Amino acid sequence: EVQLVESGGRLVQPGGSLRLSCVASGFTFSRHDMHWVRQPIGKGLEWVSAIGTAGDTYYAASVKGRFTISREDVKNSLYLQINNLRAEDTAMYYCARVSHSIYVLDVWGQGTTVTVSS
Amino acid sequence: DIQMTQSPSSLSASVGDRVTITCRASQGISSSIAWYQQKPGKAPKLLYSVYRLESGVPSRFSGSGSGTDYTFTISSLQPEDCGTYYCQQFYSTPHLSFGGGTKVEIK
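Being a predicted model, the structure only gives us computed values, none of them experimental. (Residues numbered from 1 in each chain as written. Chains lettered and ligands numbered in written order. Predicted model: local features only at pLDDT ≥ 70, side-chain atom pairs only at ≥ 80, totals over all residues. Heavy atoms only, no water.)

Draft legend 1. Region of interest: the sheet that holds strand β8 (residues 69–74) of chain B. All names here are of chain B. Within the open sheet, the four strands sit side by side as β1-β3-β8-β7. Their pairing is antiparallel. Lying at the two open borders of the sheet, with one neighbouring strand each, are β1 (4–7) and β7 (61–66). Strand-to-strand twist of the sheet, defined as the mean angle between neighbouring strand axes without regard to direction, takes the value 20°. Looking at chain direction, β7 and β8 are connected through six bridges and run antiparallel. In the sheet register, G65 faces β8, and the bridge partner there is Y70. (Pairing = 2+ DSSP bridges. Helix = DSSP H or I, 4+ residues; strand = E, 2+ residues; numbered from the N terminus. Axes fitted to C-alpha atoms, helices over the stretch in contact; angles between N-to-C directions.)

Below you can see the structure in the form of structure tokens.
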């Protein structure tokens, strides 16, 4: 079964740091671009970051300089390092796989919740 | 960045009704658009992209459009179609952007 499982979300104080993980199974992880998408509770989806199969990285303007995406293909794992957390980073964070055929997100994890509060 | 403006933000319709959701891009995106359905407490699910339905998605769902204007249609609304629908452009790959969502409810 093709699956993505996120972890690492928790309650963090403003200014703190966090690393989210996403473990893939059921497909050849190294052959797919991967993304992070977040969703504040009760609000819409926001694209956060992407990483290509060659390790090239991309970020939304709202997170550039604070977020770092990375991957470890030998461990079938995707990561998101989040530094200097702000209240507006509070959200459910999803990892998602890019389809082979066209650039859409065809497999999503169940999400992990990040809450930034003092 | 490409902005996606989705409308309406919510709608209520009866079972069997035809439902249409619209997305307008801030620039032409050459049909590089996908549509997702999200149910409460669940991750989004890819339904449709370019001109094809994902495997297992009922044929009552369809998409159309060109340039900056796109529509997603449910030809005969069913109770299981309740949820929030999002458009997403992939013209400016890998920088993606989503519409604000349309919450679909049954009257």
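Draft legend 2. Examining the nonpolar core more closely. Counting 47 residues, the largest nonpolar core has A:W36, A:L78, A:L80, A:Y93, A:L105 and A:W108 as the members making the most contacts within it. The dominant element in this core, judged by the number of residues it contributes, is strand β9 (residues 91–98) of chain A, at seven residues. Contact partners of A:L80, with chain neighbours within four places excluded, come to A:L18, A:R19, A:L20, A:W36, A:V48, A:S49, A:F67, A:T68, A:I69 and A:Y93. If you look at the next biggest cluster of nonpolar residues, it comprises 22 residues, including B:M4, B:L11, B:C23 and B:A25. (Core = buried A, V, L, I, M, F, W, Y, C linked by side-chain atoms within 4.5 Å. Buried < 20%, exposed > 50% of the residue type's maximum accessible area, 1.4 Å probe, protein only. Contact = heavy atoms within 4.5 Å.)

Draft legend 3. The arrangement of the interface of chain A and chain B in detail. Taken together, the contact between chain A and chain B spans 21 residues of the former and 19 residues of the latter. Between chain A and chain B the total buried area reaches about 1,600 Å² when both faces are included, carbon and sulfur atoms providing 69% of it. Sorting the residues of chain A by area buried against chain B places A:L45, A:W47 and A:Y103 first, and these three jointly supply 35% of that buried surface. Run the count over chain A and chain B and you get zero salt bridges. The set of elements that each furnish at least two residues to the side of chain A that touches chain B consists of β4 (34–39), β5 (46–51), β6 (57–59) and β10 (105–108) of chain A. (Buried area = accessible area lost by both parts, 1.4 Å probe. Salt bridge = Lys/Arg side-chain N within 4 Å of Asp/Glu carboxyl O.)

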